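# Understanding the architecture of this molecule
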Amino acid sequence: MVPPPPPPPLQLCFTPQLPVLLLFLFLLLILSPSRNVAGVGINYGTLGNNLPSPKKVAQLLQSTIIDKVKIYDTNPEILEAFGNTGIDLIVAVENYHVSNISTDTASADEWLSTRVLPFLPATSIVAIVVGNEYLTADGYQMMKMNPKALVQAMQNMHAALLTRGLERKIKVTTPHSMAVLASSFPPSASTFAPDITPTMTSILAFLADTGAPFMVNAYPYFAYRDNPSSVNLEYALLGGSAGVGINASSSGSGGGLYAVHDPKGYVYTNMLDAQIDAVRTAINGLGFGNRSIKITVSESGWPSKGDSAATPENAKTYNTRLIERAQSNKGTPMRPKENIEVFVFALFNENKKEGGVSERNFGIFNGDGSKVYQVDLSCQFCSDDGMTFEKISSGVSRGPSVWCVAKPHADEKVLQSVLDFCCGPGGVDCREIDRSGGCFEPEKLHAHASYAMNAYYQMHGRNYWNCDFKGTGLVTFSDPSYGTCRYSQQ
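Residues numbered from 1 in each chain as written. Predicted model: local features only at pLDDT ≥ 70, side-chain atom pairs only at ≥ 80, totals over all residues. Heavy atoms only, no water.

Relative to the helices and strands, Val 40 resides in strand β1 (residues 40-43). We classify Val 40 as buried; its relative accessible area is 0%. Distance from Val 40 to His 409, taken between C-alpha atoms, is 9.1 Å for residues 369 residues apart in sequence. Contact partners of Val 40, with chain neighbours within four places excluded, come to Ile 65, Ile 66, Asp 67, Lys 68, Ile 323, Ala 326, Gln 327, Val 342, Val 344 and His 409. (Helix = DSSP H or I, 4+ residues; strand = E, 2+ residues; numbered from the N terminus. Buried < 20%, exposed > 50% of the residue type's maximum accessible area, 1.4 Å probe, protein only. Contact = heavy atoms within 4.5 Å.)

Next comes the structure, spelled out in structure tokens:
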């Protein structure tokens, strides 16, 4: 049999339209959405009678480093307030709704249709968490929660998203407490509690198949509070957290940095990393070590009031280091190159929350919008410097105008491409960010890119897609102008 002749070599046909086509492809590359931007998440609870309106909260967070917000329901006022803010939301199916959603896909689709779909695409909802600490919730036996219902509800919700073509945009998962572990020390020997192992195996298989993260609520505070004589405070306060700028040296008592040595050779200089790796070991122990399941710290924080360990000083130290850790893009001793997404707990003190005093005082902000203690959440060039709830309430820097700026954690290579595009094919007049221009200082890529992105956004009608720039753009209602540098507006 004579083989067929080889195909002719690929020939490029250069036509007068080719430069236009290349420009179009370049625009598509720069302006298409991307999710490779790391940031800091926060939990926004609403069990208080003195909290600012969701609209004010959304406005404030646009001027901070927070780019992801996790809530505990699908409060429509919150979902509407975060529309077109550039902040991602994670919404929740409350524990008492899990059983209903587990019955069939139709029930999940009805929940999705009434609670989520009306707010898309303006509100960026990126995940649905089914329940919260469902397998270890208080009153587990009394409420007769069925572990199998949790798995079925997650599967039904994913099926509803799949039917509507949203399964890539919106992931389904569930947050667990550390109590799902039989033991967490040493990290390399950790296992899940035997009674929930079958359920956890099903959950992990679901997460691996759908690309959703394993969420864990990890609190070194509780370990220290319950065992202050045996847990080192600095170790609990993330004293040697990845990315905080402290190098591990020696263990314990001789003035060096406190460290815990795992039998398999891992060295832990803070408890949170040890807790994360304990979860990783338990996951691997169920046969998922070769599957790609990322771990997300869905809650972690430290209260400012309630017992001897709950002080403003300790809360400030822990949350400052936690935020630095979240921004560091560093992993843990077991997986040093795997970035761990972190959601700080919590945005507000909640005066109507059940439990002890400490449960109501995990917030960075008081109900009136003032800070409980000073933690730097500022995002230079995201919006007005020093934006507060008080300024928002009084109407300072508010109005019909909107601007486009670079996200605080935008990848610098992408930002440079965006800047080159805006000041080149994009047609932006970039003389103001030249050395002799009023916006040259500070001589930083983030600042220059923000100026150029805004000019492009204003030129093209302020459509939300004109401020995407491959996921690096953020629409803000607060004027980012500063000093002699004025950002254009319509």
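Still more ground to cover, so stick around.
Summed over the entire model, instances satisfying the criterion amount to 15 salt bridges. With a closest N to O distance of 3.1 Å, Lys 68 and Asp 67 form a salt bridge. By relative accessible area, which is 10% here, Asp 67 ends up buried. A cluster of three or more residues bridged by salt bridges with shared partners is formed by Asp 67, Lys 68 and Glu 341. (Salt bridge = Lys/Arg side-chain N within 4 Å of Asp/Glu carboxyl O.)

Attention shifts here to the environment of Tyr 72. Relative to the helices and strands, Tyr 72 resides in the loop between β2 (66-70) and α3 (76-81). Measuring from C-alpha to C-alpha, the distance between Tyr 72 and Tyr 44 comes to 7.7 Å, with 28 residues separating the pair along the chain. A polar atom in the side chain of Tyr 72 sits 3.0 Å from the side chain of Asn 43. Only 2.8 Å separates the side chain of Tyr 72 from the side chain of Glu 299, close enough to count as a polar contact. (Polar contact = N/O pair within 3.5 Å; in protein donor to acceptor, adjacent residues only side chain to side chain.)

A few words now on the packing of helix α5 (residues 105-115) against helix α7 (residues 147-163). Remark: α5 packs on α7, axes separated minimally by 8 Å, with the N-to-C direction vectors making an angle of 65 degrees. The crossing of α5 and α7 is right-handed. Facing Thr 105, Ala 108, Asp 109, Trp 111 and Leu 112 of α5, the residues of α7 in contact are Asn 156, Met 157, Ala 159, Ala 160 and Leu 161. In the contact of α5 with α7, the residues fall into 7 nonpolar, 2 polar and 1 charged. (Axes fitted to C-alpha atoms, helices over the stretch in contact; angles between N-to-C directions. Left-handed = near helix turned anticlockwise from the far one by under 90°. Nonpolar A, V, L, I, M, F, W, Y, C, P; charged D, E, K, R; others polar.)

Moving on: the pairing of strand β4 (residues 124-130). Most of β4 sits inside the fold, with 7 of its 7 residues counted as buried. As paired strands, strand β3 (residues 88-93) and β4 are joined by 6 bridges and run parallel to one another. For Ala 92, the partnering residue across the bridge sits in β4 and is Val 129. Looking at chain direction, β4 and strand β5 (residues 171-173) are connected through 3 bridges and run parallel. The residue bridging Val 129 from the neighbouring strand is Thr 173, located in β5. (Pairing = 2+ DSSP bridges.)

What follows is about the nonpolar core. Counting residues in hydrophobic clusters, the biggest one holds 104 residues, and the most contacted among them are Val 69, Phe 82 and Phe 214. Here the element with the most residues in this core is helix α11 (residues 271-288); it accounts for 9 residues. Every residue in contact with Phe 214, bar those within four places of it in the chain, is listed here: His 176, Phe 192, Met 200, Leu 204, Leu 207, Val 279, Ile 283, Ile 293, Lys 294, Ile 295 and Thr 296. Counting residues in each nonpolar core, the second largest holds 29 residues, with Val 405, Ala 410, Leu 415 and Tyr 487 among its members. (Core = buried A, V, L, I, M, F, W, Y, C linked by side-chain atoms within 4.5 Å.)

Function cannot be inferred from these measures alone, as they are strictly geometric.
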